[in-house]
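Each chain is listed here by its residues.
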Amino acid sequence: MSIGRVILFIALVIPGLLVAGSSLYSFNTDYEALGRTERYVDKLTRDVRVNNRQLDLAYHRSLSHRINAFANGTWGFIGATIAAIGVHGIATTKDETIEDQRK
């Protein structure tokens with residue numbers, strides 16, 4: 001394996017996979033929280049005794065989970081793209097030996 005491939009692996013593939021993995025894990029937890037808050041907002045809208053302040057608070061809490069889930073999904077995509085660029089670079093670089101470099 002050439003030094004260029006090792007650099008691509010260390011500089012792009014590993015960080016890209018770490019970003020994608022951690023972001024998709026966070027996406028999963030935020031998406032579950034989004035589902036819980038949406039069910040809570042739905043429950044509040046059916047309740048007769050609820051006031052507008054409670055509804056606004058629950059809606060904005062749900063909105064923050066929606067934004068977090070979107071951002072985490074976006075970072076997961078960006079991390080996967082960075083890792084894919086690294087894998088593409090590894091696959092397309094020519095494997096040179098020490099003798100080839102001396103010539």
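Provided above is the structure to which this section pertains.
The structure displayed is predicted, hence computed values, not measured ones. (Residues numbered from 1 in each chain as written. Predicted model: local features only at pLDDT ≥ 70, side-chain atom pairs only at ≥ 80, totals over all residues. Heavy atoms only, no water.)

Caption draft 1: Examining a nonpolar patch on the surface more closely. On the surface, V19, W75, F77, I78 and I82 cluster together into a nonpolar patch covering about 470 Å² of accessible area. Broken down by element, the residue count for the nonpolar patch peaks at four residues, all from helix α2 (residues 52-92). For F77, the position within the fold is in helix α2. Looking at F77, the relative accessible area reads 62%, which means it is exposed. (Patch = residues over 30% accessible without salt bridge, like charges linked within 9 Å, V, L, I, M, F, W, Y side chains within 5 Å. Areas by Shrake-Rupley, 256 points an atom, 1.4 Å probe, with all protein chains shown as cover. Salt bridge = Lys/Arg side-chain N within 4 Å of Asp/Glu carboxyl O. Helix = DSSP H or I, 4+ residues; strand = E, 2+ residues; numbered from the N terminus. Buried < 20%, exposed > 50% of the residue type's maximum accessible area, 1.4 Å probe, protein only.)

Caption draft 2: Seen up close, the environment of A91. With respect to the helices and strands, the residue A91 is situated in helix α2. Judged by relative accessible area, A91 falls into the exposed class, the value being 61%. Along the backbone, A91 and W75 are 16 residues apart, and their C-alpha atoms lie at a distance of 24 Å.

Caption draft 3: Just the pattern of salt bridges, in detail. Throughout the structure, instances matching the rule amount to three salt bridges. Here R66 makes a salt bridge to E38, at a shortest N to O gap of 2.7 Å. Of this pair, R66 sits in helix α2 while E38 is found in helix α1 (residues 3-46), placing the two residues 28 residues apart along the sequence. Where R46 meets D42, a salt bridge forms, and the shortest distance between an N and an O atom there is 3.4 Å. Taken together, the positions of R46 and D42, both in helix α1 and four residues apart, correspond to about one turn of that helix. Its relative accessible area of 64% is what places R46 among the exposed residues. Assessed through its relative accessible area of 35%, D42 is described here as partly exposed.

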